[in-house]
Amino acid sequence: MLKVRNLESGYGKLRVLKRISLHVNPGEIVTLIGANGAGKTTLLATISGLIPARAGEIILRDREITRVKAEKIVELGCSLVPEGRQVFATMTVRENLVLGGYIQHKKGNREFLRELDYIYELFPVLAERQNQLAGTLSGGEQQMLAMGRALMAKPALIMLDEPSTGLAPLIVKNIFAIISKMREAGNTVLLIEQNAKAALKIADRGYVLETGKIILEGPAEALLANRDVQRAYLGRDLARP
Amino acid sequence: MYWHQEKECINRDDLKQLQLERLQATLFRVATHVPFYRQKFKELRVDPDGFRSLDELRALPFTTKQDLRDNYPYGLFAVPLRDVVRVHSSSGTTGQATVVGYTGNDIKTWASLTARVLTAAGVTKDDVVQIAFGYGLFTGGFGLHYGAELVGASVIPISSGNTRRQLQIMQDFRTTALVCTPSYALLLADTIEEMGLSLNAFSLKYGLFGAEPWSEAMRQEIQKKLNIIATDNYGLSEVMGPGVAGECQQRQGLHVNEDHFLFEIIDPQTLEPVPPGEMGELVITTLTKEAFPVIRYRTRDLTRLIEEPCPCGRTLRRIERITGRTDDMLIVKGVNVYPSQIENIIFEIEGTRPHYQIVVEREDRIDKISVLVEVVESIFFDEMRKQREIIETIKQKLASELGIGVEVRLVEEKSLERSEGKAKRIIDRRRL
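Residues numbered from 1 in each chain as written. Chains lettered and ligands numbered in written order. Predicted model: local features only at pLDDT ≥ 70, side-chain atom pairs only at ≥ 80, totals over all residues.

- Per an unreviewed UniProt entry, chain B goes by Phenylacetate-coenzyme A ligase and derives from Desulfurivibrio alkaliphilus.
- On record in UniProt, under Subunit (unreviewed entry), the comment for chain B is "Monomer."
- The annotation that UniProt attaches to chain B under Function (unreviewed entry) is "Catalyzes the activation of phenylacetic acid (PA) to phenylacetyl-CoA (PA-CoA)." (UniProt positions renumbered as here; feature names shortened; annotations may be inferred.)

- Going by what an unreviewed UniProt entry lists, chain A is known as ABC transporter ATP-binding protein and is assigned to Desulfurivibrio alkaliphilus.

Structural data, given as structure tokens:
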């Protein structure tokens, strides 16, 4: 699905990603965990074409997209749900979803409505509030709307940037349950999270990102059992007196 | 039958991506946590963060057995000892012992890889597996034990030794799969004959043999005598233990678990890669080991890479059976002689037993090589003419294979030392 090899990028003189290689297989949830400033968001922004890659290659479904424009990348099947939701506050829930499905809409109404049904099924609360202004939704609901909006483009790969940020624990649990459901429905997910434990619990595989480099790759359960990961990201103090 | 089809039949491009990712992460870890590698990278001006393609592997430093010894016991561990849940030590067949460690994850990976090897050899949850490898510091017993349990087989951890008891249990417990060294399998087969037991009293179907080099002729002999499918498997404690590579039922070479180990074949003299398919020394880089990763470990084992795809459907490439060790290689009168060459010839001769010993001596500064071969009783006692014939045939064949003259002596059946563990095939009496 997605292959990234030796990717480098950054802002101005700042080299954020030093040499990233990772891949996502079809139907997988892959999570990338790392501390603040490790380069997680930069990585997603580079894959989405929002920041240019300085070196390396990004291959989406056997097609190199390293220098492809952001809007074209969405069309090629890769959607990003940015951190902090960024829904259109003054538009209704339904209008937000319609915008997300712009590409599908071009293909015909029936396909589009089927997708909308899928979204309402996945997020029943969005169906309930379809005519409400997005700005009046709670944080959790806005997160769901942002995910729903991305899914409306029927992406082959959906990338989620910190979906749990600023949400109450119960809502976080709900969001992660929905991500698991998305995989069951055949979606492929690249999930970036600071909440490493919750992310690894629903993921198939994971990568650990540290100061712009991947330092560990493996099955999610192996990363959960890795002592370095436990010490650094799972908040488990293993030091003995 | 596959244990992990998704990985064993992986698309080669996907495999390369996975290998690159894992190697990059491994290089980061060894450069950060193992002073030995940090130092080596510095000396060779290798930037572990600059590694971008598997083709750059050749720029990385080798690791040798001596490096392991120099860092005895824990110097090469990449995690603190409190993260290590198991320690094994190599038998030290050729010198001082070395120590290796495993994290909890390493143990799980190890079990899954030996499970692959066992499954490829035919073992399923319905089998009763008798593990006659030593349990202890040696990795053979424990390595295959955990894999067999993971497969769901019934495991008999009998360990090595006590041949008669092995056979008793093999009959009583209805063992279907035997795990041991090939020479021990032959010893068991001979003992069955000697005790006058009937093969019908046994339920054996499969044999998984490893831990020492053996020949195709030896396989045929074991398969015939025990009426089993005998497969070869390979591993070494410095890299992990058994589970590094194993044959499928095609029995045409050992599939390497390439998603966990990177293989190279080099010329042991020039240290350059040999042309594809040619014989050389196997060099292994671990891709997923946490506690004890090694970069370009020189195994001293001789083999060649088989590029052709295997009919079994696995895309993991194969190596040929290990034909010897670079340090088993005898240089006699300036000629390289591998014990396996001699073994192959002896096995082809009617009337000989699969036991032999190679003795090298030096008389008046001239090397002399002689081979002691066991022959069946009837020939040894009665047929002088037949004896001379056998000696002549072996001599001629060896001379044409090796290009040097070899003394051949026939000895009585069972007069050569039998092994319960690894066979002692070579006696070098030269004082160099």
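There's plenty left to go through after this.
## Re the overall build of chain B
No. 1: Check the secondary structure of chain B and you find 12 helices and 21 strands.
No. 2: In terms of overall size, chain B behaves like a compact globule, its C-alpha atoms giving a radius of gyration of 22 Å where 432 residues would be expected to give roughly 22 Å.
No. 3: Overall, chain B is about 70 × 55 × 40 Å in size when its C-alpha atoms are taken along their principal axes.
No. 4: Expressed as a percentage of the 432 residues in chain B, the buried residues total 47%.
No. 5: Partitioning the contacts of chain B with sequence separation of at least 6, the portion at a separation of at least 24 is 66%. (Helix = DSSP H or I, 4+ residues; strand = E, 2+ residues; numbered from the N terminus. Rg over C-alpha atoms; globule rule 2.2 N^0.38 Å. Buried ≥ 20, exposed ≤ 12 C-beta atoms within 10 Å, placed from the backbone. Contact = placed C-beta atoms within 7 Å.)

## Observations concerning the packing of helix H10 (residues 339-348) of chain B against helix H12 (residues 384-402) of chain B
All names here are of chain B.
No. 1: It is the contact of H10 with H12, at a shortest axis distance of 10 Å, that shows an interaxial angle of 145°. Helix-helix and strand crossings are classified by hand; for H10 and H12 the assignment is right-handed. Along the contact surface, H10 presents Gln341, Ile342, Ile345 and Ile346, while H12 presents Ile394, Lys397, Leu398, Glu401 and Leu402.
No. 2: In terms of residue class, the contact of H10 with H12 is built from 6 nonpolar, 1 polar and 2 charged. (Axes fitted to C-alpha atoms, helices over the stretch in contact; angles between N-to-C directions. Left-handed = near helix turned anticlockwise from the far one by under 90°. Nonpolar A, V, L, I, M, F, W, Y, C, P; charged D, E, K, R; others polar.)

## Details of the domain arrangement of chain B
No. 1: Domain annotation for chain B reports domain 1 (1-327) and domain 2 (330-428).
No. 2: Here the C-alpha centre of domain 2 of chain B lies 30 Å away from the C-alpha centre of domain 1 of chain B. (Domains from an automatic or database assignment.)

## Considering the nonpolar core
No. 1: Leu118, Val123, Val129, Ile131, Val179 and Ala185 of chain B are the most contacted members of the largest nonpolar core, which has 90 residues in total.
No. 2: With 8 residues, helix H5 (residues 104-121) of chain B is the single largest residue contributor to this core.
No. 3: With residues near it in sequence (within four places) discarded, valine 129 of chain B still touches Val123, Ala148, Ala153, Ser154, Val155, Ile156, Ala177 and Val179 of chain B.
No. 4: Counting 72 residues, the second largest nonpolar core, distinct from the first, contains Leu2, Leu32 and Leu116 of chain A together with Ala25 of chain B. (Core = buried A, V, L, I, M, F, W, Y, C linked by C-beta atoms within 7 Å.)

## Considerations on helix H3 (residues 93-100) of chain A
Residues and elements named next belong to chain A.
No. 1: Buried within H3 we find Val93, Asn96, Leu97 and Gly100. An end-on view of H3 places all buried positions within 95° of arc, on one side of the element.
No. 2: Turning to H3, the residues buried within the fold contact helix H5 (109-122), helix H6 (124-128) and helix H7 (139-151). (Arc of directions from axis to C-beta.)

## Brief notes about the interface of chain A and chain B
No. 1: Facing the 17 residues of chain A at the interface are 15 residues of chain B.
No. 2: Only strand S1 (2-11), strand S2 (14-24), strand S10 (213-219) and helix H10 (220-225) of chain A provide two or more residues apiece to the side of chain A that touches chain B.
No. 3: Across the side of chain A that touches chain B, the residue classes tally to 6 nonpolar, 4 polar and 7 charged.

## Here's the deal with the sheet that holds strand S10 (residues 261-266) of chain B
No. 1: Across the sheet, which stays open at both edges, the 4 strands sit in the order S10-S11-S12-S15 (chain B) with antiparallel pairing between neighbours. Single-partner strands in this sheet number two, and they are S10 and strand S15 (324-325) of chain B. (Pairing = 2+ DSSP bridges.)

## Considerations on the domain arrangement of chain A
Residues and elements named next belong to chain A.
No. 1: When cut into domains, chain A gives domain 1 (1-77 + 155-163 + 183-241) and domain 2 (83-154).
No. 2: If you average the C-alpha positions of domain 1 and of domain 2, the two centres end up 25 Å apart.
No. 3: Contacts between domain 1 and domain 2 engage 9 residues on the former and 8 residues on the latter.
No. 4: Contributions of two or more residues to the side of domain 1 that touches domain 2 are made by helix H2 (70-75) and strand S7 (157-161).
No. 5: A total of 3 residues in the side of domain 1 that touches domain 2 trace back to one element, the largest contributor, which is S7.
No. 6: A class-by-class count of the residues in the side of domain 1 that touches domain 2 yields 5 nonpolar, 1 polar and 3 charged.

## Brief notes about the confidence of the model for chain B
No. 1: Residue-level pLDDT values for chain B average 91, and 97% of them are 70 or greater.
No. 2: Predicted complex metrics record ipTM = 0.91 and pTM = 0.87. (pLDDT = per-residue confidence, 0-100.)

## As for the packing of helix H7 (residues 163-172) of chain B against helix H8 (residues 182-194) of chain B
Residues and elements named next belong to chain B.
No. 1: Close contact between H7 and H8 brings their axes to 10 Å; oriented N to C, the two are set at 80°. Between H7 and H8, the crossing angle belongs to the class labelled roughly perpendicular. Touching Thr163, Gln166 and Leu167 of H7 are Leu187, Leu188, Thr191 and Ile192, all from H8.
No. 2: Residues of the contact of H7 with H8, tallied by class, amount to 4 nonpolar, 3 polar and no charged. (Parallel < 35°, antiparallel > 145°, perpendicular 65-115°, else oblique.)

## Quick notes on unusual backbone geometry
No. 1: Of the consecutive residues tyrosine 72 of chain B and proline 73 of chain B, the connecting peptide bond is found in the cis state with omega at -5°.
No. 2: Examined against the element boundaries, proline 73 of chain B turns out to sit in the loop between helix H4 (65-70) and strand S1 (86-89).

## Focus: the pairing of strand S8 (residues 188-193) of chain A
Residue and element names in this part refer to chain A.
No. 1: Within S8, 6 of the 6 residues are buried, leaving the element largely enclosed by the surrounding structure.
No. 2: In S8, alternate side chains face the same way, and those of Thr188, Leu190 and Ile192 on one face and Val189, Leu191 and Glu193 on the other are all buried.
No. 3: When strand S3 (residues 29-34) meets S8, the two strands line up parallel, connected through 5 bridges. Its bridge partner lying in S8, valine 30 is registered against leucine 190.
No. 4: On the question of chirality, the crossover connecting S7 to the parallel S8 by way of helix H8 (residues 169-184) is right-handed. (Right-handed = clockwise from strand over helix to strand, strands pointing away.)

## What about the sheet that holds strand S18 (residues 352-363) of chain B?
Residue and element names in this part refer to chain B.
No. 1: Reading across from one edge, S20-S19-S18-S21 is the order of the 4 strands in this open sheet, with mixed pairing throughout. Of all strands in the sheet, those with a lone pairing partner are strand S20 (407-411) and strand S21 (426-428), marking the two edges. Ignoring which end each strand starts from, the neighbouring axes of this sheet average 20° apart.
No. 2: Note that S18 and S21 share 3 bridges and pair parallel. Across the sheet, residue valine 359 finds its bridge partner in S21, namely isoleucine 427.

## Focus on the pairing of strand S4 (residues 55-60) of chain A
Residue and element names in this part refer to chain A.
No. 1: As defined by bridge partners, S1 adjoins S4 across 5 bridges and the pair is classed as antiparallel. Counted as the bridge partner of glutamate 8 is alanine 55 from S4.
No. 2: Examined bridge by bridge, S4 and strand S5 (residues 63-64) share 2 bridges and lie antiparallel to one another. Residue pairing in the sheet places leucine 60 in a bridge with arginine 63 of S5.
No. 3: Between S4 and the antiparallel strand that follows it, S5, lie 2 residues; arginine 61 among them carries a positive phi value of about 45°.

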